[in-house]
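Tertiary structure, described
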Amino acid sequence: MSATLTDAGPESTLRGGAMRDPRLEPIRAKALAGERLSIDEGMVLYETPDVWGVVAIADEIRRRLHGDKAYYNINRHLNYSNVCALSCKFCGFYRKKGEEGAYEHTLDDVVKEARKAVESGATEMHVVGGLSPYLPWDYYPEMMRTIKRVGAEAGVDLHVKAFTAVEVVHLARIAKKYKRDDRTAGIRWVLSELKEAGLGSLPGGGAEVFDDRVHDEAFKGKIRSDEWLDVHLVAHELGLNSNATILYGHIDQRRERLIHMEILRRAQDGALARLGYEGDPDGFVETDLKATEQVTAAPITLTREGVDQPTVATAVRGGYFQTIIPLPFIPDDSELEHLAGPSGLENLRTIAIARLMLDNFPHVKAFWIMQTLAMTQVMLEAGADDVDGTVVWYDITKVDGAGTHQEVDVRSLKRAITEAGFTPVERDTVYREVEREGRSWRVV
Ligand code: V47
C-alpha cells in the first residue's frame, strides 16, 4: 500500500505539525487521546513511507510520560552456562556439552562476578543462561543466595533480575514440579522458592515472536506464548515485576509482531486491573487471538494526559510489566546467518511502534548492546526512554564481530544520552531513581 506525501516538509512532521502521510493524522489523534490503536493501524505505522512521522508521534507520547529523562542503570550481566537443551535457529549462544566453547560457571565463579559487580557500584545483576540438562535445581536458588550474600557483605542490596520464562519452565521440570494438567502450580513453586532466595524480578527474554508458525520454524521445542505468559502472570501475582521482549527481523512478518504486541498489552491489562486501574469498556480489543482469551479486563492505557504510572511503591497488589524491549535479530553465528537482519530504519520504526502500540507499558528500552549506542541515541527521540546499562560481559549476541566484553563506562553512556538532547537519569531495576557518590548509591 503506498501513500502520497503532502509537501508539508520534514520540519512539520518532526515538530508535531501536519503529518506528511494524511493516514497518520487520525492515528496521532487517537494516540494522544490515550486510545488503543488496532493492529490495522499498527500496519499503517509499519507501511507508511513517513517513518519520521511515526517517530514524531512516538516522541510526543514518550515526552508526555517521561519528559526529557533517559534512564540507564549500572549493571552486570552473568550468563551462568551456555549449554542448552534447545537448538533455536536464531541463537548463536548455545553449545552442546563437550562442544568447543561450552561452559558452566561454578558458584565460586558467581561469587567472583558478584564481587566485581559490587566493586563497580552496580545496582543489578542480570542473570540468564541456557536450559542446562546438567545443572541441578539446587544450583539456582543457591546462585540467588550467593549474589545476595556478596551484596549484603558489602552493605549493598544488589537486585537480581534473573531467568527468562523459558528457564523458569525448565526449572519446574528439573525440580520435578511441572504438572501438565496444572502448569502454573510448578511455575508458582519455582518462582516462590527463587523469590525467597533473593530473586527480585524477571527479565523479558525468551518471548521471541508469539506465533505458532514462527515458533515451529525458528525455535521449535521452546515454550509457546501461553506458557511464557503464565510465567509472567504468576510472577506478577507473587509481586515480582518483569519485562517483555520481541525478537524481530528474522522469519517473522510485521503483522505477527503487532499481534505479539497486542498479546502483551492484553496481559498487561490484566496486571493493571489487579493493581486497581480501571479499563475502558468500549476500548479496542482484537477478538480472535487465542492467547488473550484468559484476559477479561477491559483495555487500560497509561498514555492519557495525567495518568499515574504504576511504580513498585504504589503497586502493592502485585507486579506488572515495566518495559518492552524490541530486540533486532543479530544473524552472526546463528543458523539463520544468511538472513540480513533488520535495517537501522526498521529498528527505529519498531521502537516507535512499540511505544505506540504498547500503550500500557511505562517504559521502552533500546538495548544498546543490540541496537548499538549510535542508534540508541536516535531511538531516544523515537519512543525509547531507557538504554539498559553498563553490562560489561555479554555472551548472547555480538554485533559486528564484538567479543564477549561489551562494556560502556558510565561517563560514555551519560555523554551519549546528553549529546542526544536528553537528561541521563540513573535508575535501579524497578525504575527508582538512584543517587550516587562514586560506588555508593541509594534509591530515592
Ligand atoms: O531471550 C537470542 C534474544 C534474549 C538473539 O529484561 C537474540 O531488561 C537478537 O532478553 N538476535 C536475551 N536477539 C536478551 C534479553 C534482555 C536483554 C536486555 C535487557 C533485558 C531486560 C532482557 O535475546 C533472548 C532472545 O530472545 N536473542 N539470540 C539474536 N541472534
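Fair warning: this is a prediction, and the values are worked out from it, not measured in the lab.

Before going further, it helps to spend a moment on the confidence of the model for the protein chain. Chain-level statistics for the protein chain give a pLDDT mean of 92 and a share of 94% at 70 or above. Counting interchain partners and residues more than four positions distant, the pLDDT-below-50 stretch residues 8-12 has five contacts.

Our focus in this paragraph is a nonpolar patch on the surface. Taken together, Trp 52, Leu 345 and Val 378 make up a surface patch of nonpolar side chains, about 260 Å² in accessible area. Within the secondary structure layout, Trp 52 lies in helix 4 (residues 51-66).

The subject of this paragraph is the pattern of salt bridges. This model, assessed by the stated rule, comprises 35 salt bridges. Here Asp 40 ties to Arg 255 by a salt bridge, and the two come within 2.9 Å at their closest N and O atoms. Placement of the pair is Asp 40 in helix 3 (residues 39-47) and Arg 255 in helix 11 (residues 254-274), with a sequence separation of 215 residues. Classification of Arg 255 by relative accessible area gives partly exposed; the value is 38%. Close ionic contact of Glu 153 with Arg 149 constitutes a salt bridge, the shortest N to O distance being 3.9 Å. Taken as a pair, Glu 153 and Arg 149 lie in helix 6 (residues 139-153) at a separation of four residues, close to a single helical turn. Judged by its relative accessible area of 56%, Glu 153 is exposed. The network of salt bridges with common partners includes Arg 36, Arg 266, Asp 269 and Asp 359.

Turning next to the sheet that holds strand 8 (residues 363-364). Read from one edge to the other, the open sheet built from seven strands follows the order 2-3-4-5-6-7-8, with strand pairing classed as parallel. Among the strands making up the open sheet, the edge pair consists of strand 2 (75-79) and strand 8. Here strand 7 (residues 321-328) pairs with strand 8 via two bridges, running parallel. Each bridged residue has a counterpart across the sheet, and for Ile 324 the counterpart in strand 8 is Val 364.

What surrounds the ligand is a group of 23 residues, the closest being Lys 161, Gly 204, Gly 206, Glu 208 and Lys 365. Between the ligand and the protein, one listed contact pairs an oxygen atom with a backbone N or O atom of Gly 204 at 2.8 Å.

Time to look at the pairing of strand 2. With five of its five residues buried, strand 2 lies for the most part within the structure. The side-chain alternation of strand 2 yields two buried faces, one formed by Asn 75, His 77 and Asn 79 and the other by Arg 76 and Leu 78. Direction of pairing for strand 2 relative to strand 3 (residues 124-128): parallel, over a ladder of five bridges. Looking at strand 3, one finds that His 77 is bridged to His 126.

For the rest of this paragraph, the subject is helix 10 (residues 225-237). For helix 10, with 13 residues, the first-to-last C-alpha span of 18 Å sits near the 18 Å given by 1.5 Å per residue. With ten of its 13 residues buried, helix 10 lies for the most part within the structure. Those residues of helix 10 not exposed but buried are Ser 225, Glu 227, Trp 228, Leu 229, Asp 230, Val 231, His 232, Val 234, Ala 235 and His 236. Contact partners of the buried residues in helix 10: helix 7 (165-174), helix 8 (183-197), strand 5 (199-202), strand 6 (241-248), helix 11 and strand 7.

A few words on the sheet that holds strand 12 (residues 423-426). With parallel pairing, the three strands of this open sheet are ordered in space as 9-1-12. Each edge of the open sheet carries a strand with a single partner, namely strand 9 (386-389) and strand 12. Taken over all neighbouring pairs, the strand axes of this sheet differ in orientation by 25° on average, direction set aside. With two bridges joining them, strand 1 (residues 69-73) and strand 9 adopt parallel strand pairing. Counted as the bridge partner of Tyr 71 is Asp 386 from strand 9. The sheet contacts of helix 15 (residues 410-419) involve strand 1, strand 9 and strand 12, and relative to strand 1 the element is tilted by about 165°.

About the cut-offs
- Residues numbered from 1 in each chain as written.
- Predicted model: local features only at pLDDT ≥ 70, side-chain atom pairs only at ≥ 80, totals over all residues.
- Heavy atoms only, no water.
- pLDDT = per-residue confidence, 0-100.
- Contact = heavy atoms within 4.5 Å.
- Patch = residues over 30% accessible without salt bridge, like charges linked within 9 Å, V, L, I, M, F, W, Y side chains within 5 Å.
- Areas by Shrake-Rupley, 256 points an atom, 1.4 Å probe, with all protein chains shown as cover.
- Salt bridge = Lys/Arg side-chain N within 4 Å of Asp/Glu carboxyl O.
- Helix = DSSP H or I, 4+ residues; strand = E, 2+ residues; numbered from the N terminus.
- Buried < 20%, exposed > 50% of the residue type's maximum accessible area, 1.4 Å probe, protein only.
- Pairing = 2+ DSSP bridges.
- Near = heavy atom within 4 Å.
- Polar contact = N/O pair within 3.5 Å; in protein donor to acceptor, adjacent residues only side chain to side chain.
- Expected span 1.5 Å × (residues − 1).
- Axes fitted to C-alpha atoms, helices over the stretch in contact; angles between N-to-C directions.

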